[in-house]
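# Coordinate inspection notes
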Amino acid sequence: MKRRTLVGIAACAVMAMTAPLMAADWKPDGSLTMQIGFGAGGSTDTMGRVLAKVMEDQTGWNVIAENKTGGGGVAMFTGIAKMPPRGTVIGLGVNMPILVNLVRRGDELPFDLESFDYLGTISKAELALVAAADAPFDDLPGMIAHAKENANMPVAFGAPPQKLLMDVAARTTGAEFNMVTTEGGAESMKLVLGGQVLAAFSSGEHFPHAEAGTMKVIAAGNAQRLSYAPDAGTFVEAGVNAYVDPYFYLATTKGTDAEALAAISGAIENALASPEVIEIVNNAIKNDPLNLGPDGTKAMMVDGLANVGVLFAK
Amino acid sequence: MVELSTILAGFGDAFSLINLAYVLLGVVIGQFVGAVPGIGPVMAMAIAVPFTFALDPLPAIAFLIGVNKGGLVGGAVPAVLMNTPGTPDAAATALDGYPLAKSGKPLKATKMALFSSVTGDTFSDIVLITVSAPMAILALKMGPVEILALMIFAFSVLAGLVGNSLVKGIIAAALGLLFATIGSDPENYTPRLIFGMWDLYDGLPLASVAIGMLAISEILRRLSETGGKVEAAIDLIDTGNPDDRRVTWDEYWSCRYVMLRGAVTGTILGALPGIGSTAAAFMSYAFTKAASDDPQSFGKGNIKGIAAAESANSAVVGANLIPLLTLGIPGSVGAALIISAFMIHGLQPGPLLFENQGRLVYGLFGAMIMANFINLWVGQLGLRFWVKVVTAPISVIFSSAILMCIVGVSMATSGLFGVAVMLVFAGLGYLMASFGYSLVIFIIAFFLGPRLEISVAQSLALTNGDLSQILRYPVAVALLVMSVVAVAYLLWRNQAIQRLEQKDDANV
Amino acid sequence: MTMPSDRLSGAVLFIFGLAMYFAIIPTFVEQAEGGNIAPNTLPNILSWMIAIGGAFLVLKPTPHQTQDLRYFARALMHGAILCAGIYAMTWFGFLYVAPVLALVIMVVIGERRMHWLALGAIGMPALIWIFITQILDRALP
């Protein structure tokens, strides 16, 4: 943990030095509102509030963080897409819910990827499939074999992409799962600990239980293995051709003044290099900040849409 | 097990001047914003979280706990003094609090709310401090099937609140549940009844519905009834009897069983994530009314009604920390914000927290106890202030309350869309009240609705779609039997109460 | 009121429940594959409960009497003032609309004393402004 933090600080210091100099003349007209697409108290919210506070301290702007929940950021980005581009409101969300909804019901949504100017990413989110430490399997092939022997194995999920992953797993392997919906990772962990389900998805909620030795990681839901559990294979490695790569990203209304975009993305870049933000990202998701920058973020969204389209189209 | 020296060191840390100052500040802010409709303790905590950065972990978390606890006391103030609860859990307090305040005893009513709130809170804190580990294990054993049975029990207890028409009570509950289905469905996340308004994808904003239905609709009703007469919002009648301005020890002591029942109800529901303080407050109220020798006096200013509601909803908050500190599972948004504060300071609540951070946890417990005393003391002063405020003319009170509801809801829902939803529900609430449909039942059903549907879906998944499998869950079966008994008993009581009331009317 | 109000509210609810079941839910609730409870199951059940309950009230109303129409008219007027005020806020913002809204409400209630009018229309909005923008650092609507 400590070594990782140091590496993180070093990496970010380098990034900060090479970051474009902030467009010093621009400042928001009034305050800059950071709308967070998730509820108060979650990991996105916590990281967003710290980021906003650090941006405020570093730039002297008045940066306000507020929650605007709804469909994993769909409601929040709807609002941002429809706003006049004044450079006073930015949105923080996770790409997966947006991409899944664009693939599944893009014609109903009032926005598409071109409705936004992208500002950067905070980090990549890692999705783990976890089970109780005494579960009768240690990896995904083992779990699938167990599910085939014991019909209707219960698995908890708290968001659409998690269910879609398991749907693909069930389709390709013929194993049957009873998918138990929850309100999120915390509730999923409760069901694992209580023995009501045998496995569940976690985007970090299992950390204290893994540390206490009561839970283990079965598989990584991302394209790559998890940084904190490199021994657990991915779904793809187990022959289930599906993965998710969630990023925490920031965007604002299309057509925002270039100077404002440069200033805001620069402020985000600088804040992400601060020890406070590095620490909270480490604490919240056991990962280091990773900023793809404005262009990289847009490319990530466009590629992500194509991937999600292939994997999760009906 | 944590060593005694750690416990003592923790308590020692808590009782320092700097912690005292932060807890005091938290309680004052909490009581103040809790009393302002629309803002409430959760939003106050959300705003405060980043500012706790610079503090050490203990004062930071102690401050947030202070805000949370202060908010509980503050929340009862508008409910009792103006019948305009800002949160649904305070709606139960208004049932008897407002009639008592209107009869010229606002200080007695608010003080009873304060004392029973602190009593319930202290009870659940003691449970938390002494037996949180076994409580958490019990909470884990309550799986989705048991939770579903518990929710059915909660709904059946509402039968005690339906009043004179069972059919209208059922309709109110069905309407509440129907509005709760707006948003997305719990398994496939398809948009449901949002009519193209993606703002509704996460469901109707809770603050808009609660404040529209409970506060604005009441203000509309009162405004329509003032025919050009501008009176004080509450008359302080000085009867010369000091007992009308305070709660005597006899009165407090007479509520001991009521408060104990409320505190136990609140502690149990608080230890189980997801059900919440609204259900606890109303269940406790319904139990108390059903157990009373004089059920007719409820809803007319019985202090036991206040004690039942406040002891239960306050006990939930302390008990929410049981799954939080032992398992890292937050039971409410307020608890989730406390996890945020832990995370900011590099700590993650979970099974090892007591072991690794025992001193901090016991420091936190010390701060909680301190916050309860401060709550009591600040509350005594604050209540006098609020009671004074509501002796202003209704013109000022109601116009100000409307402005505050608009600002509060727009902050809670980040925009005027939420305010528009609030107005729609104010209209609906006004109509429902005028035509004799219970708003309270609507609101409880609305708040429990999403959880109920998730529990049904979870139970179906765990029983392979065969609900008769519930027979394999003894706790669930027991709860379902209790539900049937409760409905039968409460409906029978209702009939008896109504016969009594009709007889009274005939005598008049 | 000559008619017990339950007949009226029951009829409205009966129509509402049927409209939900036959028209609104089929149009605005998507079908989904898989899952244990279909998105429309619960809304459909509730719509029927409301419709049947409404029909029951039409046939067997309770003696509940609603208030005089006069009060409905007044409540409607106050509601309209609120709607107008909030609509105005979307154009001019809270800062300009709030004092006017407060003043109109107070005058309509019948308040004529200048000091109370000043307190409600200037004092309270100012206090809210200070609290929200200066102390909490948030934006007003």
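The rules we used
- Residues numbered from 1 in each chain as written.
- Chains lettered and ligands numbered in written order.
- Predicted model: local features only at pLDDT ≥ 70, side-chain atom pairs only at ≥ 80, totals over all residues.
- Heavy atoms only, no water.
- Contact = heavy atoms within 4.5 Å.
- Buried area = accessible area lost by both parts, 1.4 Å probe.
- Salt bridge = Lys/Arg side-chain N within 4 Å of Asp/Glu carboxyl O.
- Pairing = 2+ DSSP bridges.
- Helix = DSSP H or I, 4+ residues; strand = E, 2+ residues; numbered from the N terminus.
- Axes fitted to C-alpha atoms, helices over the stretch in contact; angles between N-to-C directions.
- Core = buried A, V, L, I, M, F, W, Y, C linked by side-chain atoms within 4.5 Å.
- Buried < 20%, exposed > 50% of the residue type's maximum accessible area, 1.4 Å probe, protein only.
- Domains from an automatic or database assignment.
- Polar contact = N/O pair within 3.5 Å; in protein donor to acceptor, adjacent residues only side chain to side chain.
- Nonpolar A, V, L, I, M, F, W, Y, C, P; charged D, E, K, R; others polar.
- Arc of directions from axis to C-beta.
- Parallel < 35°, antiparallel > 145°, perpendicular 65-115°, else oblique.
- Left-handed = near helix turned anticlockwise from the far one by under 90°.

### Considerations on the interface of chain C and chain A
- Of the residues lining the interface, six residues belong to chain C; the matching set on chain A comes to nine residues.
- Summed over both partners, the interface of chain C with chain A buries about 560 Å², with 25% contributed by carbon and sulfur atoms.
- For chain C, the biggest contributors to the area lost against chain A are C:Glu30, C:Asp137 and C:Arg138; these three give 64% of the whole.
- In this assembly, chain C and chain A are joined by one salt bridge.

### Observations regarding the sheet that holds strand β8 (residues 199–202) of chain A
Residues and elements named next belong to chain A.
- Spatial strand order, β7-β6-β8-β5-β9: five strands in an open sheet with mixed pairing. Of all the strands in the sheet, the pair left with one neighbour each is β7 (177–181) and β9 (215–220). Along the sheet, successive strands turn relative to each other by an average axial angle of 30 degrees, direction set aside.
- Here four bridges tie strand β5 (residues 128–132) to β8, and the two strands are oriented antiparallel to one another. Looking across to β8, one finds that Val130 is bridged to Ala200.

### Examining the nonpolar core
- By size, the foremost hydrophobic cluster in this structure holds 313 residues, and its most contacted members are A:Leu129, A:Met143, A:Phe177, A:Phe235, B:Leu325, B:Phe342 and B:Phe442.
- The biggest single contributor to this core is helix α6 (residues 106–141) of chain B, with 14 residues.
- Residues in contact with A:Leu129, not counting those within four places in the same chain, are A:Leu140, A:Met143, A:Val155, A:Ala199, A:Ala200, A:Phe201, A:Lys216, A:Val217, A:Ile218, A:Ala219 and A:Phe235.
- B:Val27, B:Ala62, B:Ala367 and B:Ile374 belong to the second-largest nonpolar core, a separate cluster that totals eight residues.

### Observations concerning unusual backbone geometry
- The phi dihedral of A:Lys286 falls on the positive side, at around 50 degrees, and the residue is not glycine.
- Within the secondary structure layout, A:Lys286 lies in the loop between α10 (275–285) and α11 (293–312).
- In this structure A:Lys286 comes out as partly exposed when scored by relative accessible area, which is 26%.
- Positive phi, close to 55 degrees, is recorded for B:Leu193, a residue that is not glycine.
- Relative to the assigned elements, B:Leu193 resides in the loop between β2 (191–192) and α9 (206–225).

### Observations regarding the pattern of salt bridges
Residues and elements named next belong to chain B.
- Under the defined criterion, the tally for this structure stands at 23 salt bridges over all chains.
- Salt-bridge contacts for Arg192 lead to Glu453; the nearest nitrogen and oxygen are separated by 2.7 Å. Taken together, the residues Arg192 in strand β2 and Glu453 in helix α19 (residues 439–462) connect sequence positions 261 residues apart.
- Notably, a salt bridge pairs Arg221 with Glu218, separated by 3.1 Å at the nearest N-O pair. Of the two residues, Arg221 and Glu218 are both situated in helix α9; the distance of three residues between them amounts to about one turn of the helix.
- Arg221 gets classed as partly exposed once you look at its relative accessible area, which sits at 27%.

### Points about the domain arrangement of chain C
- Structurally, chain C comprises domain 1 (5–59) and domain 2 (69–135).
- Between the C-alpha centres of domain 1 of chain C and domain 2 of chain C there is a distance of 38 Å.

### Notes on helix α7 (residues 185–194) of chain A
- By the criterion of burial, α7(A) is predominantly enclosed, with nine of the ten residues buried.
- Those residues of α7(A) that sit buried are A:Gly185, A:Ala186, A:Glu187, A:Ser188, A:Met189, A:Lys190, A:Leu191, A:Val192 and A:Gly194.

### Quick word on the interface of chain B and chain C
- At the interface, 60 residues of chain B touch 67 residues of chain C.
- Roughly 5,500 Å² of surface becomes buried between chain B and chain C when both sides are summed, with 78% attributable to carbon and sulfur atoms.
- At the junction of chain B and chain C, the tally comes to one salt bridge.
- Across the pair C:Asp6 and B:Lys168 runs a salt bridge whose closest N-O atoms are separated by 2.7 Å.
- Here chain B and chain C share 14 residue pairs in polar contact (both at pLDDT 80 or more) between them.
- Of all the secondary-structure elements, those providing two or more residues to the side of chain B that touches chain C are α2 (17–35), α8 (166–180), β2, α9, α17 (394–412), α18 (416–434) and α19 of chain B.
- When residues in the side of chain B that touches chain C are grouped by element, the largest group, twelve residues, is from α17(B).
- Partitioned by chemical class, the residues of the side of chain B that touches chain C number 39 nonpolar, 14 polar and seven charged.

### Section: helix α1 (residues 4–14) of chain B
Residue and element names in this part refer to chain B.
- Where α1 is concerned, the buried positions are Ile7, Gly10 and Ala14. The buried residues of α1 occupy an angular sector of 65 degrees when projected down its axis, which confines them to one face. Those residues of α1 that are exposed and angled more than 90 degrees off the buried face are Leu4 and Leu8.
- Considering only its buried residues, α1 is in contact with α2, α4 (57–82) and α16 (358–389).

### Comments concerning the packing of helix α4 (residues 94–109) of chain C against helix α5 (residues 114–135) of chain C
All names here are of chain C.
- Where α4 contacts α5, the two axes come as close as 9 Å, and the packing angle between them is 150 degrees. With respect to α5, the element α4 is oriented roughly antiparallel. Along this stretch, α4 crosses α5, giving a crossing that reads as right-handed. Here Phe94, Leu95, Ala98, Pro99, Ala102, Leu103, Met106 and Val107 of α4 come into contact with α5, specifically with Trp116, Leu117, Gly120, Ala121, Pro125, Ile128 and Trp129.
- Of the residues assigned to the contact of α4 with α5, the class counts are 14 nonpolar, one polar and no charged.

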